[in-house]
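Breakdown of the fold
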Amino acid sequence: SIMDTGPEWRDFGDEESQQRERAGSPLTPLLHDRGMTTSVGYSYRDASGRVMDQAERERAERLGLWQGRVRVSPPGESNLSMATRYFSRFGDHLGLPKDLVVRAAQIYREALEAGLLQGRPIKVMAAACLYAACRDSGLPRTLKEIVSKTGVSRKDIARSYRVIIRYTEKNMPVPSPIVYVSKIAAALAMKPGIEQKAIEILRKAAEMRVTAGKDPMGLAAAALYMACRRLGVAEYGQKQIARAANVTEVTVRNRF
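Summarised in this report is the structure supplied together with it.

Calculation criteria
- Residues numbered from 1 in each chain as written.
- Predicted model: local features only at pLDDT ≥ 70, side-chain atom pairs only at ≥ 80, totals over all residues.
- Heavy atoms only, no water.
- Helix = DSSP H or I, 4+ residues; strand = E, 2+ residues; numbered from the N terminus.
- Buried < 20%, exposed > 50% of the residue type's maximum accessible area, 1.4 Å probe, protein only.
- Areas by Shrake-Rupley, 256 points an atom, 1.4 Å probe, with all protein chains shown as cover.
- 1 Å grid on protein atoms, 1.4 Å probe; cavity = no way out; pocket = protein on both sides within 12 Å on 5 of 7 lines; lining within 4 Å.
- Points joined across faces, edges and corners; volume = space filled by probe spheres on them.
- Nonpolar A, V, L, I, M, F, W, Y, C, P; charged D, E, K, R; others polar.
- Phe/Tyr/Trp six-rings, centres within 6.5 Å; stacked < 30°, edge-to-face > 60°.
- Contact = heavy atoms within 4.5 Å.
- Salt bridge = Lys/Arg side-chain N within 4 Å of Asp/Glu carboxyl O.

**Notes on the overall build of the protein chain**
A tally of helices and strands in the protein chain yields 12 helices and zero strands. The secondary structure elements of the protein chain, listed N-terminal to C-terminal, are α-α-α-α-α-α-α-α-α-α-α-α. With 256 residues in all, the protein chain has 38% of them scored as buried. Here the protein chain displays about 16100 Å² of accessible surface, and carbon together with sulfur accounts for 51% of that area.

Rendered as structure tokens:
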């Protein structure tokens, strides 16, 4: 079936064409049917505004019930319907922008079409796709944060994430510790000078190739601690910075 993307009205001049717009909302991956279907509303009035009697209300409620079942009856629609609810909930808990949640839904659809969801919990795969979307967009969200906000174990998310990356052949960028500096500095209300000094330290460390294979959040925390030491700011210690970065003090000391 080919979708007609043209207008659903006729016009006979440029001026008339400019005054008209397409009806309906745009398609979105955040809905299992991409927002193409309509739903039966629950109201005590019919289309003409007349109050319905009891028999008509019961008939309208049955129609709404069956229409809701039919929307998720095709194979995979029920899976997508549940996954989109998880995406909306996790996105709110993590404070993620809508375009990133849309990207996570697109990755989930690709995994579903590739047959990667068989035998795997929907909640786990949704969390893994959300983490993949954060990595793909360069948003500073660590795996530990995803675990704390979604309630899914780190092991399950990491395993599902590797499956998605392997079979969809996606090239995820390596997260830079520089993007995490602002996040830690904002949590501690640090001055901009400290943040800039930490970024300089991280760039120098990258040139010396001493950051390879290290956790970016731990590197960012150590760079901020080193910046405070060099600038003579004794207000922030290892314990405070480690708590803001959600890493251990041992990690900060080792990276320092």
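**Quick notes on the layout of surface pockets**
In this model, the largest pocket occupies a volume close to 470 Å³. Lining of the largest pocket is provided by 22 residues; of these, Tyr 131, Thr 142, Leu 143, Arg 154 and Asp 215 occupy positions nearest its centre. Going through the elements one at a time, helix 5 (122–137), helix 6 (143–150), helix 7 (154–168), helix 8 (178–188), helix 10 (216–231) and helix 11 (238–245) are the ones with two or more residues in the lining of the largest pocket. Element by element, the count of residues in the lining of the largest pocket is highest for helix 7, at four residues. Looking at the lining of the largest pocket, its residues break down into 12 nonpolar, two polar and eight charged.

**Some details on the packing of aromatic side chains**
If you walk through the whole model with that rule in mind, you get four aromatic pairs. When the centroid spacing of 5.7 Å and the interplanar angle of 85° are considered together, the rings of Phe 87 and Tyr 108 count as edge-to-face. With a gap of 21 residues between them, Phe 87 in helix 3 (residues 77–94) and Tyr 108 in helix 4 (residues 98–113) connect regions that are remote in the sequence. For Tyr 108, a relative accessible area of 1% translates into the label buried. Seen in terms of ring centroids, Tyr 225 and Phe 256 are 5.0 Å apart; in terms of plane orientation they differ by 75°. Their pairing is edge-to-face. Of this pair, Tyr 225 sits in helix 10 while Phe 256 sits in the segment after helix 12 (249–255), and the two are 31 residues apart along the sequence. For Tyr 225, a relative accessible area of 11% puts it in the buried group. You can call Phe 256 partly exposed: its relative accessible area is 39%.

**Thoughts on the side chain of Gln 238**
Among the structural elements, Gln 238 can be located in helix 11. Since its relative accessible area comes to 15%, Gln 238 is described here as buried. Dropping the residues within four chain positions of it, Gln 238 is found in contact with Tyr 225, Glu 249, Val 252 and Arg 253.

**Section: the environment of Tyr 86**
Looking at the secondary structure, you find Tyr 86 in helix 3. Exposure remark for Tyr 86: the relative accessible area of 16% places this residue in the buried category. Distance from Tyr 86 to Leu 130, taken between C-alpha atoms, is 9.9 Å for residues 44 residues apart in sequence. Filtering out sequence-adjacent residues up to four positions away, Tyr 86 remains in contact with Ile 122, Lys 123 and Ala 126.

**Here we look at the pattern of salt bridges**
A full pass over the atoms with the stated rule returns five salt bridges. With a shortest N-O distance of 3.9 Å, Glu 249 and Arg 253 are connected by a salt bridge. One end of the pair is Glu 249 and the other is Arg 253, both in helix 12 and four residues apart, which spans about a single turn. For Glu 249, a relative accessible area of 31% puts it in the partly exposed group. On the basis of relative accessible area, Arg 253 is assigned to the partly exposed category, the value being 43%.

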